[in-house]
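# Examining the three-dimensional arrangement
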2 protein chains.
Amino acid sequence: MPNLPRKHLFDLPEGVIYLDGNSLGPLPRGVAERLESCARDEWGRMLIRGWNEAQWMDQPARVGNLIGRLIGAPEGSVVLGDTLSIKVYQVLASALEMRPDRKVILSDKGNFPTDLYMADGLIRSLGRGHELRTPAPENVADAITEEVAVVMLTQVDYRTGRMHDFEAITRKAHAVGAVMIWDLAHSAGAVPVDMTANGAEFAVGCTYKYLNGGPGAPAFIYVRPDIAETVRPALSGWLGHEAPFAFDLDYRPGRAVERMRVGTPPVLQMTALEEALKVWDGLTMDEVRARSVALSELFIREVEARCPELTLLSPRGPGARGSQVSFGFADSYAVVQALIARGVIGDFRAPDAMRFGFTPLYLDEGDVTRAAEILGEVMAERDWDTPAFKARGRVT
Amino acid sequence: MPNLPRKHLFDLPEGVIYLDGNSLGPLPRGVAERLESCARDEWGRMLIRGWNEAQWMDQPARVGNLIGRLIGAPEGSVVLGDTLSIKVYQVLASALEMRPDRKVILSDKGNFPTDLYMADGLIRSLGRGHELRTPAPENVADAITEEVAVVMLTQVDYRTGRMHDFEAITRKAHAVGAVMIWDLAHSAGAVPVDMTANGAEFAVGCTYKYLNGGPGAPAFIYVRPDIAETVRPALSGWLGHEAPFAFDLDYRPGRAVERMRVGTPPVLQMTALEEALKVWDGLTMDEVRARSVALSELFIREVEARCPELTLLSPRGPGARGSQVSFGFADSYAVVQALIARGVIGDFRAPDAMRFGFTPLYLDEGDVTRAAEILGEVMAERDWDTPAFKARGRVT
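All chains use their own residue numbering, which begins from 1 and follows the written sequence. Key to labels: chains lettered from A, ligands numbered from 1, both in the order written. It should be noted that, the model being predicted, local features are given only for residues of pLDDT at least 70 and side-chain atom pairs only at 80 or more, the latter also being counted only at that level, while totals for whole chains, interfaces and linings use all residues. To get the side-chain values, all heavy atoms of the structure are used, and hydrogens and water are removed first.

### What about the pairing of strand β13 (residues 353–357) of chain B?
Moving residue by residue along a regular strand, the side chains alternate between the two faces of the sheet. Residues and elements named next belong to chain B. Relative accessible area decides the class of each residue, using a 1.4 Å probe on protein chains only: under 20% of the type maximum gives buried, over 50% gives exposed, and in between gives partly exposed. Helix and strand assignments follow DSSP, with helices taken as H or I runs no shorter than four residues and strands as E runs no shorter than two, numbered in order from the N terminus. Burial within β13 is extensive, with 5 of its 5 residues counted as buried. Here β13 shows two buried faces, one formed by Ala 353, Arg 355 and Gly 357 and the other by Met 354 and Phe 356. Strands pair, by our definition, only if DSSP identifies at least two bridges between them. Pairing analysis gives 5 bridges linking strand β10 (residues 324–328) to β13, with the strands arranged antiparallel. Residue Gly 328 lies in a different strand from β13, and its bridge partner there is Ala 353. In the sheet, strand β12 (residues 347–349) pairs with β13 via 3 bridges, with the strands oriented antiparallel. Across the sheet, Arg 349 pairs through a bridge with Ala 353, a residue of β13. With antiparallel pairing between neighbouring strands as the criterion, β12 and β13 make up a hairpin whose turn holds 3 residues.

Have a look at this one:
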């Protein structure tokens with residue numbers, strides 16, 4: 001089973017095995033130089049003219065097309081901007097307007113909290129008696145009833161890596177007349193997604209995880225093309241206007257998904273992301289997925305052989321699992337700190353999960369085997385059982 | 001009258017006189033290198049640990065304090081993030097909740113359109129019969145009545161530079177029981193502002209104009225400290241949560257203005273901004289204002305002596321004018337193109353304004369006199385009256 005020949009495209013520190021690309025992807029080579037040149041040669045030399053000459057204004061749509069390719073979305077259906085929280089708010093507000101007679105938003109307890117917080121805030125702002133239901137992930141399908149206005153789920157659970165049945169959930173949502181929103185935060189660049197085949201109305205996601213866009217990289221938003229021009233954009237900012245530079249006093253939504261743009265795009269972040277996406281040239285998501293499954297399976301096998309104290313929190317079957325593997329242990333926080341001290345970077349998620357992301361663009365079998373060995377050593381030698389590693393600090 | 005000794009802190013192109021810092025400030029020296037090192041040494045080397053080790057997580061509040069100093073806001077009352085459009089939405093939604101019995105939002109026709117668009121979108125989402133009133137700027141004070149829930153104004157008019165009476169408007173708003181929101185987009189770094197003395201509940205602004213934060217730099221938001229912990233944040237994202245990394249399912253607003261944070265901060269943009277703000281070390285806004293008035297007065301005098309065809313659109317009295325000067329002319333668009341071709345960069349705002357921003361950090365009397373001479377040549381030689389300069393392209 002060959003490794004993907006992409007590791008040389010990343011600038012990884014010596015002596016580090018990075019299993020946290022599911023939280024923040026590493027620096028692709030060329031991005032630091034591109035950022036410097038964006039500042040020096042575009043901002044510095046072109047000044048205000050950069051909006052046209054360096055095509056900053058078109059960047060949110062141009063980068064949207066690069067991401068569209070990775071999630072099975074057609075040209076012109078994805079645009080970049082803001083943060084995932086903001087994009088969740090936009091799609092949820094738009095979706096609720098499409099079902100004014102229904103009051104239930106269905107999500108799950110495995111969703112990333114900000115999605116739930118944004119929904120809660122929207123419900124309170126609207127003040128129209130909407131209700132947010134959050135069953136356990138495995139009970140979502142049964143909870144999709146004709147009361148439901150919108151089903152809003154993150155495809156891959158951030159704690160466990162558990163994957164929802166992408167096709168079946170959308171089918172069921174549509175069968176009862178609900179609008180479907182997928183959060184692809186842990187999917188884009190990790191698992192094959194075909195938005196066109198899926199048929200969901202909306203998708204959102206972030207670009208600093210498997211897409212390696214850098215800390216605080218902008219979010220993406222997809223609207224199904226056949227409805228894009230009927231959707232009323234919540235957060236109707238000037239760059240979602242049909243003619244932003246007419247400076248009309250009245251808002252008229254722009255064409256297709258571009259109406260979901262809000263304010264001035266973060267050019268420096270967008271440029272880092274655009275450069276970072278070059279590592280995907282010529283790759284298919286099926287290749288990436290095949291390697292990610294192989295690496296995840298290898299890790300589980302090697303860890304379970306060495307660390308009987310750890311409980312697999314992720315689904316055992318690779319088809320039900322995204323590109324991460326989580327183990328449970330009472331002192332997971334301290335274990336993660338001890339691993340980092342030995343050069344293996346994973347992360348901790350409350351209350352007791354250690355998470356490891358597998359991103360075959362820059363990880364190979366040697367890395368994965370070595371990481372499992374080191375985890376075995378940390379557990380065998382009780383590295384983690386020291387006050388320094390057990391101190392609770394802020395964990396990101 | 002001495003020039004401010006700051007020009008050497010900017011990396012301006014040879015042969016350019018830049019009078020568009022009111023739209024996009026130029027590149028301060030050191031920012032391109034700082035960006036490159038943020039990518040290479042922080043993101044690249046620290047990876048996920050950058051959130052703590054490089055203090056990315058605290059950056060929105062840390063940079064908020066730097067900006068707070070320039071707008072008379074105390075420590076801990078300003079935070080950075082998102083775009084100005086998003087921040088307008090947040091303060092307006094919060095303000096409306098503070099006056100549930102009133103239905104009128106008062107702004108003016110001189111406000112930047114995105115502020116009006118965001119208000120319009122919020123009104124439509126709420127569906128509770130709010131009304132947006134937009135009188136002419138000079139009629140705003142008279143329109144502040146007891147029907148008004150919120151007065152939301154941009155202090156300096158983006159087209160004309162006309163300044164509202166900052167103190168009197170806030171006093172009148174408070175006298176009738178309305179909440180006051182100031183948009184400081186064209187004020188921060190341009191005119192002295194004292195939020196504490198003013199007493200307005202909220203202020204927002206952007207950082208890519210007079211604060212030179214770079215294209216797409218994040219916005220700032222100020223909440224008056226005595227009410228900050230009673231304000232319910234609209235757009236309740238995880239980084240505004242009291243304990244983001246507890247990953248609770250329920251939202252609890254964070255302390256003070258930090259509750260107005262939403263999603264993951266744009267670290268690369270924040271870092272460029274933080275570095276760019278170093279040019280303000282040791283300067284007071286009163287010094288900057290005195291120089292900006294002197295330069296603006298000089299420009300008006302020199303242009304009016306040379307260009308009788310142009311009409312001053314800005315207030316003549318410097319006390320009623322921000323840090324920009326606008327002239328009206330039927331073919332302003334073409335004149336601006338012709339000026340750019342001769343190295344003087346101003347900009348055009350529909351329908352007929354040419355705008356010139358005066359930012360004494362990097363402009364001196366020689367620049368201003370030379371710019372007026374070139375404008376005189378463009379008008380005298382009818383440079384602008386050519387098809388190339390008259391063609392309408394996108395203007396930013």
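### A word on the interface of chain A and chain B
The criterion used for residue contact is that any of the two residues' heavy atoms lie within 4.5 Å. Each partner contributes residues to the interface: chain A has 86 residues there, and chain B has 87 residues. Buried area is understood as the total, over both parts, of accessible area removed when two parts are fitted together, assessed with a 1.4 Å probe. Taken together, the two surfaces of chain A and chain B that pack against each other cover about 7,700 Å², and 65% of this comes from carbon and sulfur. The largest contributions to the chain A side of the interface with chain B come from Trp 43, Tyr 117 and Phe 247 of chain A, which together make up 11% of the buried area. We count a salt bridge whenever a side-chain nitrogen from Lys or Arg sits within 4 Å of a carboxyl oxygen from Asp or Glu. For the pair chain A and chain B, the number of links is 6 salt bridges. Put simply, Arg 40 of chain B and Asp 11 of chain A hold a salt bridge, and the shortest N to O gap is 4.0 Å. Two N or O atoms form a polar contact when they lie within 3.5 Å of each other; inside protein one atom must be a possible hydrogen donor and the other a possible acceptor, and for residues adjacent in sequence the pair counts only when both atoms belong to side chains. Inspection of the region where chain A meets chain B yields 30 residue pairs in polar contact (both at pLDDT 80 or more). Elements with a contribution of two residues or more to the side of chain A that touches chain B: α1 (31–46), α2 (50–53), α4 (84–98), α5 (113–126) and α10 (267–276) of chain A.

### Some thoughts on the UniProt feature "modified residue: N6-(pyridoxal phosphate)lysine" (unreviewed entry) in chain A
UniProt positions are given in the numbering used here, feature names are shortened, and annotations may be inferred rather than shown by experiment. Per the UniProt record, "modified residue: N6-(pyridoxal phosphate)lysine" (unreviewed entry) is found at Lys 209 of chain A. Not counting residues up to four positions away in its chain, the partners in contact with Lys 209 of chain A are Gly 21, Asn 22, Ser 23, Leu 24, Gly 25, Ala 185 and His 186 of chain A.

### Section: the UniProt feature "binding site: pyridoxal 5'-phosphate" (unreviewed entry) in chain A
Sites flagged by UniProt as "binding site: pyridoxal 5'-phosphate" (unreviewed entry) map to Leu 84, Ser 85, Phe 112, Pro 113, Thr 114, Asp 115, Thr 154, Asp 183, His 186, Tyr 208, Trp 238 and Thr 264 of chain A. These residues run over 181 residues, and the two farthest C-alpha atoms among them are 30.0 Å apart, placing them at more than one spot. Within the secondary structure layout, Phe 112 of chain A lies in the loop between β3 (104–106) and α5. Dropping the residues within four chain positions of it, Phe 112 of chain A is found in contact with Thr 154 and Tyr 158 of chain A together with Trp 238 and Phe 247 of chain B. Inspection of the secondary structure puts Thr 154 of chain A in strand β5 (residues 148–154).

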